[in-house]
Amino acid sequence: MEETTQETDEEFFDAQEDTNVTEDSRVNSEVLVEALAVLNADLPEDDPEELSRSLRKAEKKEDFDAKIAAAVASEDYSFQTLTDILDAAPFSNTTPGRQKVNGESTGTRVVFGMYTHGGMHGLCNKTYEYGNFVSYMNNFLKVNLPEESEGKAKWTSFSVNRNLPTNLHRDEHNHPGMTAYALGCGTYSGGGLWVEKAADEDDGDQEWTTKELTNGNYVVGKALDTKNRVVEFFPKRWHTVEDWTGDRWSVVAYTTRGAADATDREKKALRSRGFPFPDLRHLRRCRKEANGGSGVAPGKLPTRKARARPCGRTWLSWGPSSLCPCRWPLLPSPTSRASPATRPR
């Protein structure tokens, strides 16, 4: 669920303060045509097809924003309305780099919110380009959360996917200990979210099944029905999407691993669009809950052993090759005199 995309320009942070969808957000066609004429001024005069595509996209975005505005005005957060809005979405697949997870799929995947790539992090450009949709989607998730997640669900990003299959995987680039939330909508059947069983999870009367890993081992888990509902799951466990037929939309909200490095400005921008940015000071407790109270990632055991401390006192050694404290044993000087308590009689 992690992605790579271009970081937004600085001025976007100050340009997106209003989180409400109003009538002013609906731009008429004449204004769109005029604006696109400026934006496409560098297009060759003999390239009418490119200009025509841009105009069609602008008209589609106008209809997209109108549907969102109507849903907000009527406080409509139903799954049928969400499906209608997504069907009208003008964005296309803009998030490459997940071939390991999605294979050679031609499905659509677009990420909104915060991204992390290597040592870099920032906000996806689409977060600003489709600001009204981002606000609506975050509110939709909050309204439809499962009861046990209300009031404590947090995320920094979400991906919107259309007909996108996944291989069996774990989201290594999500923040450790944080849960994720998934939903499905559209005219499809099947397509459940298969998630690995937790070590301390009760067998009960669940229909457990097994999946084979690439190394030949097997993991036990079950499929969660995500159609027209939001489910909570732990993305560090093995999971995949089961086969389906029809047109399937899915939305997955998660916390990127770079959340702890987010600047105050980035947090403000995310919260202004409805992202419930997590307070990572409580991450230790959240990690224990996510991993069944052990504080260890599912399927792993602690491997770090306690190391014996050297005797003596702690001295700070500051040198040109190191700026960190080092432990050195305090040894008596060859010329030092013994104390009265230890002097031979």
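All figures in this text were calculated on a predicted structure; none of them were measured in a lab.

Participant: So what exactly am I meant to see when it comes to the overall build of the protein chain here?
Facilitator: For the protein chain, the count of helices and strands is nine helices and twelve strands. Burial statistics for the protein chain: of 345 residues in total, 41% are counted as buried. Here the protein chain has roughly 20500 Å² of accessible surface; of this, 50% comes from carbon and sulfur atoms.

Participant: Is there a simple way to think about the nonpolar core in this case?
Facilitator: General note: in soluble globular proteins, nonpolar side chains tend to be found buried as a group. With 41 residues, the main nonpolar core has Phe133 and Phe158 as its most contacted residues. If you list the elements that add at least two residues to this core, you get α3 (48-73), α4 (79-87), β1 (108-117), α7 (131-143), β3 (157-162), β4 (180-190), β10 (244-254) and α8 (264-272). Ranked by residues supplied to this core, first place goes to α7 with six residues. Setting aside residues up to four positions removed in sequence, phenylalanine 158 forms contacts with Val110, Val111, Phe112, Phe133, Val134, Met137, Asn138, Val251, Val252, Ala253, Tyr254 and Phe275.

Participant: Explain the packing of aromatic side chains to me, please; I cannot follow it from the model alone.
Facilitator: The relative placement of two aromatic rings is captured by the distance of their centres and the angle of their planes. Enumeration according to the criterion identifies 14 aromatic pairs in this entry. Stacked on the ring of tryptophan 244, the Lys or Arg arginine 248 has its end atom at 5.2 Å from the ring centre.

Participant: In this structure, what is going on with the sheet that holds strand β9 (residues 239-241)? I would like to understand it.
Facilitator: Hydrogen bonds between backbone atoms are what pair the strands of a sheet, whose relative direction is either parallel or antiparallel. As summarised here, the arrangement of the four strands in space is β6-β7-β5-β9, forming an open sheet in which the pairing is antiparallel. Either end of the sheet is taken by a strand with one partner, and the two such strands are β6 (209-212) and β9. Sheet twist, expressed as the average angle between the axes of neighbouring strands with direction ignored, equals 35 degrees. The pairing of strand β5 (residues 193-196) with β9 spans three bridges and is classified as antiparallel. Opposite tryptophan 194, over in β9, you have threonine 240 as the bridge partner.

Calculation rules
Residues numbered from 1 in each chain as written. Predicted model: local features only at pLDDT ≥ 70, side-chain atom pairs only at ≥ 80, totals over all residues. Heavy atoms only, no water. Helix = DSSP H or I, 4+ residues; strand = E, 2+ residues; numbered from the N terminus. Buried < 20%, exposed > 50% of the residue type's maximum accessible area, 1.4 Å probe, protein only. Areas by Shrake-Rupley, 256 points an atom, 1.4 Å probe, with all protein chains shown as cover. Core = buried A, V, L, I, M, F, W, Y, C linked by side-chain atoms within 4.5 Å. Contact = heavy atoms within 4.5 Å. Phe/Tyr/Trp six-rings, centres within 6.5 Å; stacked < 30°, edge-to-face > 60°. Lys NZ or Arg CZ within 6 Å of the ring centre and 35° of its normal. Pairing = 2+ DSSP bridges. Axes fitted to C-alpha atoms, helices over the stretch in contact; angles between N-to-C directions.

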